[in-house]
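Each chain is listed here by its residues.
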Amino acid sequence: RSLSGAVSALCRALPPRSRPSPDTFRRARFDRPQASLDFWRLLYALLKQIHGDKWAESDAIGSQIRFVKSALWYHGYGRPELYSLPSDGSAGSRELLLAFSWLLHRLSLLEQLLAQNRVKTGDETSVCTCEDYLPNSWEGTTEVAPDYGLEARVDVRYLQWLHGRLKFQWRSLHAQHQEQCKLLHKIHLSTSGSHMDQILGHLSVTETDLIRQPENYKQLLQLLESETMKLEAFLEWKQLESIYWQWMETVLDNMAKEGNLHESQDAHVKKSRLPSMTSCCPWADSLTGQIDRLSSDLMSLHGELHKLVTHRKAAWCEKVKTRKEELQQEGFSDAARKIQESVEQKLLDLTHFCTPKNPKMHGSCRLVFRSKEPASKMGLRRLGSTEPVSVVSAAEVIRELQMREASLVRGLKQLQEECRQRLDGIAEGLDGVICIAP
């Protein structure tokens, strides 16, 4: 009864359009083909929502299966049995149950879906002041770039057209965002002092629309009730979650037993290294067989690792030798200058990233307008926060973005310089061609 309650709570916590029945999980546990199509559709709908794509139930099952396999591969699901399932969805319900459970644990599936489908009654915006260490992604970009032939190169004029189109769309999006900010400011300013919550002080767009059109409150009430039911189901699921994972352990055990049975039917049984144990323990044959296979796999991996280390060491020695010859050819002064510039750049990035900073913000925040308070209290208020003041202000976000912009500009200049040097080297090898810099 507890397992059925856990599965039922899990199903009710999922979005209504992709909500399966608890009986689908029971059929998948016994690898019934009737549950395969239901699980393919479930995974398709959930992964589409996570990636923010539009989806329709009328999509062909073949395209749905291809999307699910590619999305699972993108997220790192490496079980080969799933990718060998037929494209018509006629089998593999237990494999799909395993993939769904992996997503449930690895991606915090329910938490993401609840956050995406949350009813928004306030004026919110997404704020991210996190910054990755970008020089790690720049390092080695020109060294590992593939050298395609002339037939594989793209026309530069087409790339310029794409770049111009992207810039135009970006400017249009920026203009629309500015217009939205102006309208929000007008609403917040005109409704100042109208909210019951003194921390907010003004109404949101949704609340203003409800005042103008009171008949829309029924639809909003239905959405809030639906979200409350999903949250209650999620709380129930968190209480019974351990039971679900214990049940999944039994599913994995059954899959392992069936796999061992098929192996014993298809291949000859290897000689046991523990003959005294096999006479009294019926499971000793399979256990020693697994130990033998693991031992052979470890030996093969050790040999491959040794070959890889030897190859990497030889490649590194060759690279050092080549670099040494290049340094002797181009002159020590130029090399020293480049090394000094690279060290100064890395030290600047290291100083920037190692300085103590305030905790970074990431996620949705509610916009709160403050006109008479200091700048340190103006800006954004974290959703769910009980503090009377904002967690981060607009000025702080602007400063963080300006620092990130400066870091990106430095990286862009570095990449442009590397590309210019590489183009100069290519141009020197072309006979009868004169290259004029723009």
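Residues numbered from 1 in each chain as written. Predicted model: local features only at pLDDT ≥ 70, side-chain atom pairs only at ≥ 80, totals over all residues. Heavy atoms only, no water.

Remarks on the overall build of the chain
Here is step 1 of the chain: Helix and strand counts for the chain stand at 15 helices and 3 strands.
Here is step 2 of the chain: Counting every position in the chain, which comprises 438 residues, the buried fraction comes to 26%.
Here is step 3 of the chain: Counted over contacts in the chain with a minimum sequence separation of 6, partners at least 24 positions apart contribute 63%.
Here is step 4 of the chain: Of the roughly 30900 Å² of accessible surface on the chain, 58% is carried by carbon and sulfur atoms. (Helix = DSSP H or I, 4+ residues; strand = E, 2+ residues; numbered from the N terminus. Buried < 20%, exposed > 50% of the residue type's maximum accessible area, 1.4 Å probe, protein only. Contact = heavy atoms within 4.5 Å. Areas by Shrake-Rupley, 256 points an atom, 1.4 Å probe, with all protein chains shown as cover.)

Considerations on the nonpolar core
Here is step 1 of the chain: Within the largest apolar cluster, 45 residues are counted, with the highest numbers of intra-cluster contacts made by Phe25, Phe100 and Tyr244.
Here is step 2 of the chain: Sorting the residues of this core by element identifies α1 (2–13), α2 (22–29), α3 (36–50), α4 (61–74), α6 (93–106), α7 (109–116) and α11 (217–266) as the ones contributing at least two each. (Core = buried A, V, L, I, M, F, W, Y, C linked by side-chain atoms within 4.5 Å.)

Considering helix α15 (residues 394–428)
Here is step 1 of the chain: With 35 residues, α15 should reach 51 Å at 1.5 Å per residue; the first-to-last C-alpha distance of 50 Å fits that figure.
Here is step 2 of the chain: Buried within α15 we find Val397, Ser407 and Gly411. (Expected span 1.5 Å × (residues − 1).)

Considerations on the pattern of salt bridges
Here is step 1 of the chain: Evaluated as defined, the whole model comprises 10 salt bridges.
Here is step 2 of the chain: Here Lys238 and Glu241 are joined by a salt bridge, their closest N and O atoms 3.1 Å apart. Note that Lys238 and Glu241 are positioned in helix α11 at a spacing of 3 residues, about one turn of the helix.
Here is step 3 of the chain: Through salt bridges with shared partners, a single ionic network connects Asp23, Arg26 and Arg27. (Salt bridge = Lys/Arg side-chain N within 4 Å of Asp/Glu carboxyl O.)

Looking at unusual backbone geometry
Here is step 1 of the chain: In this structure, Asp31 takes a positive phi of about 60° despite not being glycine.
Here is step 2 of the chain: Residue placement: Asp31 occurs in the loop between α2 and α3.
Here is step 3 of the chain: On the basis of relative accessible area, Asp31 is assigned to the partly exposed category, the value being 34%.
Here is step 4 of the chain: Here Ser108, not a glycine, exhibits a phi torsion of approximately 50°, which is positive.

Focus on the packing of α3 against α6
Here is step 1 of the chain: Between α3 and α6, whose axes approach to 9 Å, the crossing angle comes to 25°. Between α3 and α6, the angle is such that the two are roughly parallel. The two elements α3 and α6 meet at a crossing, and its hand is left-handed. Facing Ser36, Phe39, Trp40, Leu42, Leu43, Leu46 and Leu47 of α3, the residues of α6 in contact are Ser93, Leu96, Leu97, Phe100 and Leu103.
Here is step 2 of the chain: Of the residues that constitute the contact of α3 with α6, the class distribution is 10 nonpolar, 2 polar and no charged. (Axes fitted to C-alpha atoms, helices over the stretch in contact; angles between N-to-C directions. Parallel < 35°, antiparallel > 145°, perpendicular 65-115°, else oblique. Left-handed = near helix turned anticlockwise from the far one by under 90°. Nonpolar A, V, L, I, M, F, W, Y, C, P; charged D, E, K, R; others polar.)

Details of the packing of aromatic side chains
Here is step 1 of the chain: Evaluated as defined, the whole model comprises 10 aromatic pairs.
Here is step 2 of the chain: Between Phe25 and Phe100, the aromatic rings sit 5.7 Å apart at their centres with planes inclined by 65°, giving edge-to-face as the arrangement. Placement of Phe25 in helix α2 and of Phe100 in helix α6 is noted, with a sequence separation of 75 residues between them.
Here is step 3 of the chain: You can call Phe25 buried: its relative accessible area is 1%.
Here is step 4 of the chain: The class of Phe100 is buried, set by a relative accessible area of 0%.
Here is step 5 of the chain: The interplanar angle of 85° and the centroid separation of 5.6 Å between the aromatic rings of Trp73 and Tyr83 together place this pair among those described as edge-to-face. With a gap of 10 residues between them, Trp73 in helix α4 and Tyr83 in helix α5 (residues 80–83) connect regions that are remote in the sequence.
Here is step 6 of the chain: Taken together through their ring pairs, the aromatic side chains of Trp237, Tyr244, Trp245 and Trp247 make up a single cluster. (Phe/Tyr/Trp six-rings, centres within 6.5 Å; stacked < 30°, edge-to-face > 60°.)

Topic: the side chain of Lys69
Here is step 1 of the chain: Within the secondary structure, Lys69 sits in helix α4.
Here is step 2 of the chain: It is Asp88 that comes nearest to the buried, bridge-free Lys69 among opposite-charge side chains, at 8.7 Å.
Here is step 3 of the chain: In contact with Lys69, other than residues within four places in its own chain, are Trp40, Leu82, Tyr83 and Leu85. (Lys, Arg positive; Asp, Glu negative; His and termini not counted.)

So, a nonpolar patch on the surface
Here is step 1 of the chain: A cluster of nonpolar side chains, contributed by Val154, Tyr158, Leu159, Trp161 and Leu162, occupies part of the molecular surface with about 500 Å² of accessible area.
Here is step 2 of the chain: Tracing the chain through its elements places Leu162 in helix α9 (residues 156–190).
Here is step 3 of the chain: Given a relative accessible area of 32%, Leu162 falls into the partly exposed group. (Patch = residues over 30% accessible without salt bridge, like charges linked within 9 Å, V, L, I, M, F, W, Y side chains within 5 Å.)

As for the packing of α2 against α6
Here is step 1 of the chain: Following both chains from N to C, one finds α2 and α6 inclined at 120°, their axes separated by 7 Å at the closest point. Where α2 crosses over α6, the handedness of that crossing is left-handed. Two secondary-structure elements touch here, α2 through Phe25, Arg27, Ala28 and Arg29 and α6 through Ser93, Arg94, Leu97 and Phe100.
Here is step 2 of the chain: Class assignment of the residues belonging to the contact of α2 with α6 gives a composition of 4 nonpolar, 1 polar and 3 charged.

Here we look at the confidence of the model for the chain
Here is step 1 of the chain: In the predicted model, the chain carries a mean pLDDT of 77, and the fraction of residues at 70 or more is 76%.
Here is step 2 of the chain: Here helix α8 (residues 134–138) stands out as the least confident element of the chain, with mean pLDDT 39; α6 is the most confident, with 92.
Here is step 3 of the chain: Ignoring residues within four places in sequence, the model shows residues 133–151, a span with pLDDT below 50, making 15 contacts including any to other chains.
Here is step 4 of the chain: Overall, residues 384–390 carries pLDDT values under 50, and its contacts beyond four positions in sequence, including any with other chains, amount to 9 contacts. (pLDDT = per-residue confidence, 0-100.)

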